[in-house]
Structure formats: structure tokens, C-alpha cells
Amino acid sequence: MNESLLDILCCPLDKHDLELEDAEYDDDDVVGGDLVCTECGEAYPIEDGIPNLLPPDMREETPA
Amino acid sequence: MGLEERRDEEPDVYQPAEDSHLLAEATCERLEGDELVLEVGTGSGYVAGRIADRTDARVIASDLNPHAVRQARGAGVETVRADLVSPFRDATFDAVAFNPPYLPTDPENEWDDWMEHALSGGEDGRAVIDPFLERVGRVLASDGVVYLLVSSLTGVDEVVEEAGEHGFSAVAVADESFPFETLTVLELLR
């Protein structure tokens, strides 16, 4: 993901800002790390460069 | 590569069809400059990719399906795994495009895999459209616009009425008829 996405994204639960932690880069592309809510502390993983911003209770739902 | 071959290659991801094409073209035609655009439920990334290629807009694409977000990112689209618009900031997007799951489905016949999620709109066809209409206003900029693909199978009038409940007025900006349905792109404005 492009780091500028942080200006567009928020915590899906409480809509507060997210902070990038433990970032792994491939050139300018953020390919790993966590987006952490500055309010509730929930961490959202960046998986293969794609932030997974599903609320925690939906994260494990994999129908197939 | 033809559409049929691509369908075989990615069985878990909805591949572009007539509805995707109609939504992409209608949206491209109506964007004017460097808008910030969100495509919800991007699937293969086709619509988002077309908008990014053909306009100066920056396009962000979201999907619930992990296979879809991987395919869309592979196609060069900026991608977020998300439930509708929940992880996007208030008053952010100039336009939001959505080709929703809209087929009315008998609950007895729900087949519970990723393709079902991409196609089925529940019993009335509006199980995803209604919550989308309820939530999308939050992420739209003050003069933001929604482009929503609707099928006659889902009921265009019912969708227009539901949109009205959430403060939107609707105009049909494109349509195309097929033997079993007519597809319409609605432009929703507040």
C-alpha cells in the first residue's frame, strides 16, 4: 500500500486515525506491518501489501 | 485472454461482465478531473482499473474477499480489504462506485462461498445495497456522488426509494437491456 492511504483510512470500529507500526517496505510500497488505532489500540495487519481493515469479528470469516 | 478463460482461472472472484463494463464507462464519462474515487466491491479490479487508466482520478478499491483484493492489487489497483465503507474517513471521496451483489436468492439455495457473496443480494436482492445506502453518505465529500449499478431483477424503483430515505436523489445515467434483465447505473446526489 501507498503510505498516503493513511490520510484516507480510519479505524473501522471507532473511526479514529490509524498509525503505521512495524512497517516493511519494498521501495515506497508498504508491504507489511500493522495499522493501529490511536484510540482503541486495535491492530489491522497489512498482508502482502494489502491492509486488512475488516473489523476483528469479520476477519476470520472465510466461507470457502 | 478472453473472459471465459479468466473465469476459470479465478473461481473465487467475480470476473468483469456486462454490468462491470457499464458501470466503468458511465463513471469514467462523468468524472471531470483529479477526483478521489472509491470503488466498493471491486472483485477483479476491472472497474477501478478502467477509471484509473481513463481519467486523472485517484482510485481506491475495496473488497471483503481476500482473493479479490489480491487479484485487484495484482492488476495495479490500490486496494483495501474492507466491509463496505467502514474503514474510510468521513467526507473523503468525490465519487463512490459500486456494482453490488444484486441477484435475489432463495435462502434455501444460498451456497455460501465467495462467489455467492459476490452475486447474491439475499431474498429481495437488496441485502447489501440497503446497508451500503445507509453508510455511504458518511464518506462522501459534500458534493460527492455515488454511481450504483442496479438490475431490474433487484427493482430500480425500490433502490431509488431507499436512496431517498438516506437523503439522495437518483438519476439514471446509463442503461442496457439484456434478455432477462435491464441494467441501470444510478447517479445519487445529495
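Below or above, wherever it landed, is the structure these notes cover. Please read these numbers as outputs of a predicted model, since none were measured by experiment.

Once that is clear, we can look at helix H6 (residues 129-139) of chain B. Residues B:Ile129, B:Asp130, B:Phe132, B:Leu133, B:Val136, B:Gly137 and B:Val139 constitute the buried set of H6(B). Structurally, H6(B) contributes buried residues whose contacts are with strand S1 (36-40), strand S4 (93-98), strand S5 (140-151), helix H7 (156-165) and strand S7 (182-189) of chain B.

Attention shifts here to the environment of B:Glu32. All names here are of chain B. Mapped onto the elements, Glu32 comes out in the loop between helix H2 (18-30) and S1. For Glu32, a relative accessible area of 78% corresponds to the exposed category. A C-alpha to C-alpha distance of 21 Å links Glu32 and Gly137, two positions 105 residues apart in sequence.

Our focus in this paragraph is the packing of aromatic side chains. Residue and element names in this part refer to chain B. As enumerated under the stated definition, the model contains 2 aromatic pairs over all chains in all. For the ring pair Phe88 and Phe93, a centre distance of 5.5 Å and an interplane angle of 75° mean the geometry is edge-to-face. Each member of the pair, Phe88 together with Phe93, is buried. Arranged with centres 4.6 Å apart and planes meeting at 50°, the rings of Phe98 and Phe132 form a pair that is tilted. Residue Phe98 is located in strand S4, and its partner Phe132 is located in helix H6; the two are separated by 34 residues in the primary sequence. Judged on exposure class, the residue Phe98 and its partner Phe132 are both buried.

On the chain A side, the residues contacting the 25 residues of chain B number 29 residues. Approximately 2200 Å² of surface area, both sides summed, lies buried where chain B meets chain A, with 58% of it carried by carbon and sulfur atoms. Contact with chain A buries area across many residues of chain B, yet B:Arg73, B:Arg81 and B:Arg89 alone supply 34% of it, more than any other trio. Taken together, the connections running from chain B to chain A amount to 2 salt bridges. The partner of B:Arg89 in a salt bridge is A:Asp17, and the shortest N-O contact between them spans 3.5 Å. At the junction of chain B and chain A, the tally comes to 11 residue pairs in polar contact (both at pLDDT 80 or more). Looking at the side of chain B that touches chain A, the elements with two or more residues in it are strand S2 (58-63), helix H4 (66-74), strand S3 (78-81) and helix H5 (114-119) of chain B. Here the side of chain B that touches chain A is composed, by residue class, of 10 nonpolar, 5 polar and 10 charged.

Residue and element names in this part refer to chain B. In the structure shown here, the tally under the stated rule is 10 salt bridges over all chains. One salt bridge in this structure joins Arg30 and Glu187, with 2.8 Å as the shortest N-O distance. Here Arg30 is found in helix H2, whereas its partner Glu187 is found in strand S7, with 157 residues between them in sequence. Judged by its relative accessible area of 10%, Glu187 is buried. Salt-bridge contacts for Asp83 lead to Arg135; the nearest nitrogen and oxygen are separated by 3.6 Å. One end of the pair, Asp83, is in the loop between S3 and S4; the other, Arg135, is in helix H6, and 52 residues separate them in sequence.

With that out of the way, let us pick up H2(B). Residue and element names in this part refer to chain B. Taking 1.5 Å of rise per residue, the 13 residues of H2 would be expected to cover 18 Å, and the 19 Å separating its terminal C-alpha atoms lies within 8% of that figure. Buried residues of H2: Asp19, Ser20, Leu22, Leu23, Ala24, Glu25, Ala26, Thr27 and Cys28, and no others. Buried positions along H2 lie against helix H3 (46-54), S4, S5, strand S6 (169-177) and S7.

Glancing now at the sheet that holds strand S4 (residues 50-51) of chain A. Residue and element names in this part refer to chain A. Taken together, 4 strands build an open sheet; the order of strands is S1-S2-S3-S4 and the sheet is antiparallel. Whereas interior strands pair on both sides, the edge strands pair on one side only; in this sheet they are strand S1 (18-26) and S4. Direction of pairing for S1 relative to strand S2 (residues 29-37): antiparallel, over a ladder of 7 bridges. Of the residues in S2, the one forming a bridge with Glu24 is Gly32.

Cut-off values and rules
Here, residues in each chain are numbered from 1, in the same order as that chain's written sequence. Following the order in which they are written, the chains are lettered starting with A and the ligands numbered starting with 1. The predicted origin of the model limits local features to residues at a pLDDT of at least 70 and limits the giving and counting of side-chain atom pairs to 80 or more, whereas totals for whole chains, interfaces and linings rest on all residues. The basis for the side-chain values is all heavy atoms of the structure; hydrogens and waters are excluded. Each residue is assigned to one of three classes by its accessible area relative to the maximum for its type, calculated with a 1.4 Å probe on protein chains only: buried under 20%, partly exposed between the two thresholds, exposed over 50%. Helix and strand definitions follow DSSP, with helices as H or I runs of at least four residues and strands as E runs of at least two, each counted in order from the N terminus. The criterion used for residue contact is that any of the two residues' heavy atoms lie within 4.5 Å. By convention, a stacked pair of Phe, Tyr or Trp rings (six-membered ring in the case of Trp) has centres within 6.5 Å and planes under 30 degrees apart, an edge-to-face pair has planes over 60 apart, and any other such pair is tilted. By buried area we mean the combined loss of accessible area, with a 1.4 Å probe, across both parts when two parts are placed together. We define a salt bridge as a side-chain nitrogen of Lys or Arg found within 4 Å of a carboxyl oxygen belonging to Asp or Glu. For this analysis, a polar contact is any N or O atom pair within 3.5 Å, provided that within protein one partner can donate a hydrogen and the other can accept it, and provided that sequence-adjacent residues contribute only side-chain to side-chain pairs. Under the scheme applied here, ten amino acids are nonpolar (Ala, Val, Leu, Ile, Met, Phe, Trp, Tyr, Cys and Pro), four are charged (Asp, Glu, Lys and Arg), and all others, including Gly, are polar. Multiplying 1.5 Å by the residue count of a helix minus one yields the expected span of that helix. Note: two strands are recorded as paired if DSSP finds a minimum of 2 bridges between them.

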